[in-house]
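Remarks on the overall topology
The chain contents come next:
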Amino acid sequence: MSPSSSKKSEPFDVSKQIWEQKYRYSGTTSGIPEDKSVESTLARVAKAAAAPEKNPSFWEKRFLEILHDFRFLPGGRIISNAGTARKTVTMFNCYVMNTIEDSIEGIFDTVKEAALTQKQGGGVGFDFSTLRPAGSHIKGCEASSSGPISFMQVLDSTCRTIMSAGQRRGAQMGVMRCDHPDIMDFITAKRKNASLQMFNLSVAITDKFMTALKKNEKWELVFNGEVRNTVHAVELWELIMKSTYEFAEPGVIFIDRVNRMNNLRYCEEIRATNPCGEQPLPPYGACLLGSINLTRFVKSPFTKNSSVDYSGIEKTARDATRLLDNVIEISGFPLEAQRLEAQKKRRMGLGITGLADAFIMLGVKYGSEDSAKIAEKIMHTITCAAYDASTGLAEEKGPFKLFDSDKFLKSEFVGNLPSGIRKSIKKRGMRNSHLTSIAPTGTISLLAGNISSGIEPVFALKYKRKIRNSGSKDGHIMADVCDYAYLKYTQIHGESKLPDYFITSDEIPPEQHLKIQAALQKHVDSSISKTINVPAEIPYEKFKDIYLGAYQMGLKGCTTFRPSEHITGVLLKTDDKNQKKNGTAIASQIHIPRPTELDGTTYKIKTPLSSEAIYLTVNDIIEEDGRRRPYELFINTKNLQHFSWIVAMTRLISAVFRRESDPSFLVDELKSIYDPNGGYFSEGRYIPSIAADIGFVIEKHLVKLGIMQGKDSTKNPTESSMAKPDEKKGKNKMAFCPQCNQPSLYSQENCLKCLSCGYSKCS
C-alpha cells in the first residue's frame, strides 16, 4: 500500500473525544470563560499554575511552552480543575489515609475521612495491619472482633456510594503486612466476597520474610507483639503466588525497601501506597503527578539518524518541577491534615509517558539492552534536572518545612545522586522531599494522541473503540483508533510490513518487562505503576520467577496480570497472525446485538424422566467473517414441573453462547450431571440426567457447526471454523468489559481498562 493510500480512511480522533469528555471546562455559570479548544485548556492551566509567582506573566509563558503540543502532561486532575471555578476540588490524584486506630471510633473516623477524600475525586490507600485479627477478644463488651476484612467491606460500600453520586469511580488500595494473623484471609478475600471489588489488594512483604522464604523457615504471624500463629514462609508465598496467578491479586510491595530508600525515613514511616502503587505515602500523604511526553523528544524519528533530545527533556523537567510545586499552593484539599502534610513535605511525582512509542520511533525493541540503557538515561536526566531545579526553588522560596540537610543527604537514594547535586542540596536546601514517580497516564496519553501509556509496551497498534453517534441504530459506532507511533509511521511508509521493532505487550517476555522497570527504578525516588501482562498459558513455576526476579532486581513492588476465567468472565482470542502483521489487534465482537431474525435448529428429547417431550431450539448467528456460531437456546415443554430450572438453564446457556467464541466446555459440564433418581438409555447410550441429555444435544449442534469434533468425525482439523485450543496459545486475550460488554478489557498500570469504550476501574 502506498503512503498516500494509507490516508484514505483517517482513524478516529480520540484526543478530541477525551478532551471534550474529561478536560474541557464549560464555564457556563461561573463567569470564567469556557474552553474553546485544547489550546485554551492548556492556556488556562498555565495561567493558574503561574499565579503564585512574583512575575506570573513570565512564568505563564514558560509553562505554556512545555504544555504546548503536550510536551508535558500534568495529572488529569490539574488539567480539569486548574483555573476553573472549582475552588474546593483537589488537584492531587493520590492519597494514603490515616493510620487506622484499632477501635470502632478510629475505624469510622477513617471511613468518614475516606468518603470526604473520594468525594473530591482522590484515590485512597489504607494499611489494615493495625486492626486486630478476627476472633480477638474485645475488652469491656465480652465480644470478639470481626477482623480487618469485615471493615474493608464497610469502606468498599462507602466507596460505591460515593462513586454513584459523582463522575469518577472510586479507587482504593488495601495493604496488609505479611506477618498479620489474618494475612491468608486477606489474600483470598476477593475470591469469596464480590463486595470488595472497589479495592486493589497488596501484601507488604518484609526483607525478613524473603530471608525466611529463601531458607524455607517457619514464619510467625504476630499482632501487638504476640505470636498468634505460625506457618511456613513457603506456604504463605505459594498462597500469594497462586492467588495472583489465578485472580491477578494481590500485588506485592517490598515494604522494607520502600522505607529504606525513602528520602524522609528520618521523620516518617510508609505502610501503604495509593491505588495504582506508584506513590508509597505516609498517613495523610498526597502527591501531585505529571508526565513528560517522550514522543515529543525524538529527533528524526523512523530514520537511522533518530536520537533523543536529552537537553529538551532536561529543560522541560526543570519547568515542570516549578509548575507542579506551584500547584500545591492553588489546590484544594479534602482534609486539613492532607493540606498540612503536603505543605510540610511538598511531594510531587514527575514521570514519563510514551516510552514504548519513543522506542519505536528510535527503531529500538522494547525490552532490549539498548532500550534499557535509553530508559535509564532518560530517567537519570529527568531526576537530576528536577533535583537541581528544586534546590534553586529552595533558595528562592525556601525549603520544605521538615528538611534536615544532614539527614536528607544520608538517605540512600539521595546518596546516589551526582556529587554536584548533593553539594547544591547542602548549600541551598530542597524545596521538595520527593520529585519523581511513574504514574498511570491512561486518559492523558489518549489526550496527547493515543501515545503509549506510561512505561507500558504498546498494547495494540490499532483497535476498535465504541464511540457515541446519535445517527447510528444503537447510538454508537465502532471507530478505528491507532497508536501514535504506528499512525506516524504508516503516514510516511504506508501499511506495508512493519519493522520488527513494532512489538506489543503480548510479544514481550516477563524478564524484559522487569529489565525496563528496574532500569527506571534506579532513578525514581518514589515508585512505578506498571503491570506485567503474561499469557494465560505461562507455566506456574515460570510465573513465580517474576516476583523473585523483581525482588532481586531492586524493585519496590510487582504486579502481574494473567488472563483467567476467574477475573471478569470468559476470555477470548482477539487477533490472528495476519492482522498482527499489519499492526492490528482487534477484539472479536462477540457480544453482538440480536438481529430481528435468526436461523436455528430444533431438537426433540424424549425422556422417561418427563411425561412430556422437551424441545430444544438453538439459534445461530453469522459473524462478519462468515463463521456460524450459536447465539441463544430455548427449551419448550408442556411439563411445568421443570419450568424454573428450564428458565434458568436457557438464560445461562444463552449468555455463554453470546460471550464465548468456543462454548464447547458446556458439553462436558452438562454431561457430567447425574440425577439422584437414576438416568436412562437413549439411542444406545446411557444418559445420566435430563441436563446431560441437553449437553449431548448441544454437542451435536456444535459438531454440525464445526466448533467441535464428534467422536466419529473425520473432518480435517484445519477445516474447523473455530480455532482449536493449540491455535490459541500465545495469542493475546482479553476479558469482557463490565460497562460495554465488549471483549476489550485488559490490565495496564495496575488498573483494568477497556479499549472499546474507555472504561477504567481506577478513574
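Here, every reference points to the structure presented above.
Here's a quick rundown of the structure. (Residues numbered from 1 in each chain as written. Predicted model: local features only at pLDDT ≥ 70, side-chain atom pairs only at ≥ 80, totals over all residues. Heavy atoms only, no water.)

**Quick notes on the overall build of the protein**
Filter applied, for reference: Helix numbers and strand numbers start at the N terminus; a helix is a DSSP run of H or I with at least 4 residues, a strand a run of E with at least 2. Summary of the burial criterion: residues with accessible area below 20% of their type's maximum are buried, those above 50% are exposed, and those between are partly exposed, where the area comes from a 1.4 Å probe applied to protein chains only. Working definition of accessibility: Shrake-Rupley area with a 1.4 Å probe, residue cover restricted to the visible protein chains.
What the protein contains, in helices and strands, is 28 helices and 30 strands. The buried share of the protein, reckoned over its 763 residues, is 58%. Element-wise, carbon and sulfur atoms account for 50% of the exposed surface of the protein, whose accessible area totals about 32,300 Å².

**Here's the deal with the side chain of T650**
Its location among the elements puts T650 in helix α25 (residues 643–659). By relative accessible area, which is 11% here, T650 ends up buried.

**Digging into the environment of N326**
Quick reminder of the rule: What makes two residues a contact is simply this: any of their non-hydrogen atoms within 4.5 Å. A 3.5 Å cut-off defines polar contacts: any pair of N or O atoms within that distance qualifies, except that in protein one atom must be a possible hydrogen donor and the other a possible acceptor, and neighbouring residues in sequence count only when both atoms are side-chain atoms.
Here N326 lies in helix α12 (residues 310–330). In this structure the C-alpha to C-alpha distance between N326 and A51, which are 275 residues apart in sequence, comes to 8.1 Å. Once residues lying within four places of it in the same chain are set aside, the contact partners of N326 are A49, A50, P52, E53, F63 and K397. A polar contact of 2.9 Å, which involves the side chain of N326, links it to the backbone oxygen of A49.

**Points about the packing of aromatic side chains**
Each aromatic ring pair is summarised here by two numbers: the centre-to-centre distance and the angle between the ring planes. For clarity, the threshold we go by: Here a pair means two rings of Phe, Tyr or Trp (six-membered ring of Trp) with centres within 6.5 Å. Their orientation is stacked below 30 degrees between planes, edge-to-face above 60, and tilted elsewhere. Note on criteria: charge over ring means Lys NZ or Arg CZ within 6 Å of the ring centre, with the direction from the centre no more than 35 degrees off the ring normal.
Here the structure, examined in full by the defined rule, presents 21 aromatic pairs. Ring centres 6.5 Å apart and planes at 40° place the aromatic pair F92 and Y95 in the tilted group. The same class applies to F92 as to Y95, namely buried. Taking the centre distance of 5.8 Å and the plane angle of 55° together, the rings of F543 and Y547 count as tilted. Highlighted residues: F543 and Y547, both in helix α22 (residues 540–552), separated by four residues, approximately one helical turn. On the accessibility criterion, F543 (0% relative accessible area) is buried. For Y547, a relative accessible area of 0% puts it in the buried group. The aromatic ring of Y551 is capped on one face by R257, whose charged end is 4.6 Å from the ring centroid.

**Let's talk about the environment of T441**
For T441, the position within the fold is in the loop between α18 (419–428) and α19 (442–447). Each C-alpha atom of the pair T441 and L289 lies 9.6 Å from the other, and the pair is 152 residues apart in sequence. If near-sequence neighbours (up to four positions away) are discounted, T441 is found in contact with S291, I352, T353, S453, G454 and E749. At 2.8 Å, the side chain of T441 forms a polar contact with the backbone nitrogen of G454.

**Considering the packing of helix α9 (residues 207–215) against helix α10 (residues 233–247)**
To be explicit about the condition: The axes are straight lines fitted to the C-alpha atoms, using for helices just the contacting stretch, and the angles between their N-to-C directions are given from 0 to 180°. Angle categories: roughly parallel below 35 degrees, roughly antiparallel above 145, roughly perpendicular from 65 to 115, and oblique for all the rest. Three categories are distinguished: nonpolar for Ala, Val, Leu, Ile, Met, Phe, Trp, Tyr, Cys and Pro, charged for Asp, Glu, Lys and Arg, and polar for the others, with Gly belonging to the last.
As a packed pair, α9 and α10 sit with axes 8 Å apart at the nearest point and diverge in direction by 105°. By the angle between their directions, the pair α9 and α10 is classed as roughly perpendicular. The residues of α10 that touch α9, namely those facing F209, M210, A212 and L213, are A233, V234, L236 and W237. Residues of the contact of α9 with α10, tallied by class, amount to eight nonpolar, no polar and no charged.

**Some points on the sheet that holds strand β25 (residues 628–636)**
The condition that has to hold: DSSP-based pairing: two strands are paired if at least 2 bridges between them are found.
Taken in spatial order, the three strands of this open sheet run β23-β24-β25, and their pairing is antiparallel. Each edge of the open sheet is held by one strand with a lone partner, namely β23 (599–605) and β25. Going from strand to strand, the sheet's axes swing by 25° on average, the running direction of each strand aside. One ladder, built from seven bridges, connects β23 with strand β24 (residues 614–622); its direction is antiparallel. Considered in β24, the bridge of K604 is made with Y615. Against the sheet, helix α27 (residues 690–705) engages β23, β24 and β25, with an angle of about 145° to β23.

**Topic: the side chain of N259**
Inspection of the secondary structure assignment puts N259 in helix α11 (residues 255–260). Non-local contacts of N259, meaning those with residues more than four positions away in its chain, are made with R265, E269 and I270.

**Section: the pattern of salt bridges**
Put simply, the rule is: We define a salt bridge as a contact between a side-chain nitrogen of Lys or Arg and a carboxyl oxygen of Asp or Glu at a distance within 4 Å.
This model, assessed by the stated rule, comprises 39 salt bridges. Measuring nitrogen to oxygen at the nearest pair gives 2.9 Å for the salt bridge that ties D319 to R62. Here the residue D319 occupies a position in helix α12, and R62 occupies one in helix α3 (residues 56–67), the gap between them amounting to 257 residues. Of the residues examined, D319 reaches a relative accessible area of 3% and is grouped as buried. Among the ionic pairs, R628 bridges to D620, the shortest N-O distance being 3.1 Å. Looking at D620, the relative accessible area reads 5%, which means it is buried. Overlapping salt bridges bring together E53, R322, E396 and K397 as one network.

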